[in-house]
Amino acid sequence: MPAYIIATVTIKDPEKFAAYGAAIKGVAEEFGGQAIVKGTVSEVLEGSVDPTERIVVTRFPDGASAKAYITSDRYRAGVALREGAADAQIRLLID
């Protein structure tokens, strides 16, 4: 059954965050991941949300593939580059 990694990200240092993006480019696809949504909040409809927050939704074939991606050495190395560049919350949803 499909699984989704949903990331909400507030970028603090765009240059440093770009290095993270370059480091993880293509990694999700190695685990069957497909980006479904990438972008900033268009409009806050309810609640308190940073309007500059970015949302990324990536679909994986199953939960095991999503977890393999998030724990992979290449992704974890990218996360080290993200430190201090952004605040990120990462969630796993299994359909």
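Structure shown above.
Note that the structure is a prediction, hence the values are computed from the model and not measured.

A. Representation of the overall build of the chain within the structure. Across its full length, the chain holds four helices and four strands. Moving toward the C terminus, one meets the helices and strands of the chain in the order β-α-α-β-β-α-α-β. Taking 95 residues into account, the globule formula puts the C-alpha radius of gyration at 12 Å, and the chain, at 13 Å, falls close to it. Here the chain, with 95 residues, has 31% of them falling under the buried criterion. Across the chain, contacts joining residues at least 24 apart in sequence account for 79% of those joining residues at least 6 apart. As presented, the chain carries roughly 5,900 Å² of accessible surface, and 54% of it is formed by carbon and sulfur atoms. On the chain, the mean spot of the 11 positive side-chain charges and the mean spot of the 13 negative ones are 4 Å from each other.

B. Representation of the nonpolar core within the structure. In terms of nonpolar packing, the biggest core is built from 17 residues, with Ile5, Phe17, Ile24, Phe60, Tyr69 and Tyr75 touching the most fellow members. Secondary-structure elements contributing two or more residues to this core are β1 (3-11), α1 (14-24), α2 (27-30), α3 (63-71) and α4 (73-82). Looking at this core element by element, the count peaks at four residues for β1. Sequence-distant contacts of Tyr69, defined by excluding residues within four places in its chain, comprise Ile5, Ile24, Val27, Ala28, Phe31, Phe60 and Tyr75.

Reading guide: rules and limits
- Residues numbered from 1 in each chain as written.
- Predicted model: local features only at pLDDT ≥ 70, side-chain atom pairs only at ≥ 80, totals over all residues.
- Heavy atoms only, no water.
- Helix = DSSP H or I, 4+ residues; strand = E, 2+ residues; numbered from the N terminus.
- Rg over C-alpha atoms; globule rule 2.2 N^0.38 Å.
- Buried < 20%, exposed > 50% of the residue type's maximum accessible area, 1.4 Å probe, protein only.
- Contact = heavy atoms within 4.5 Å.
- Areas by Shrake-Rupley, 256 points an atom, 1.4 Å probe, with all protein chains shown as cover.
- Lys, Arg positive; Asp, Glu negative; His and termini not counted.
- Charge placed at Lys NZ, Arg CZ, Asp CG, Glu CD.
- Core = buried A, V, L, I, M, F, W, Y, C linked by side-chain atoms within 4.5 Å.

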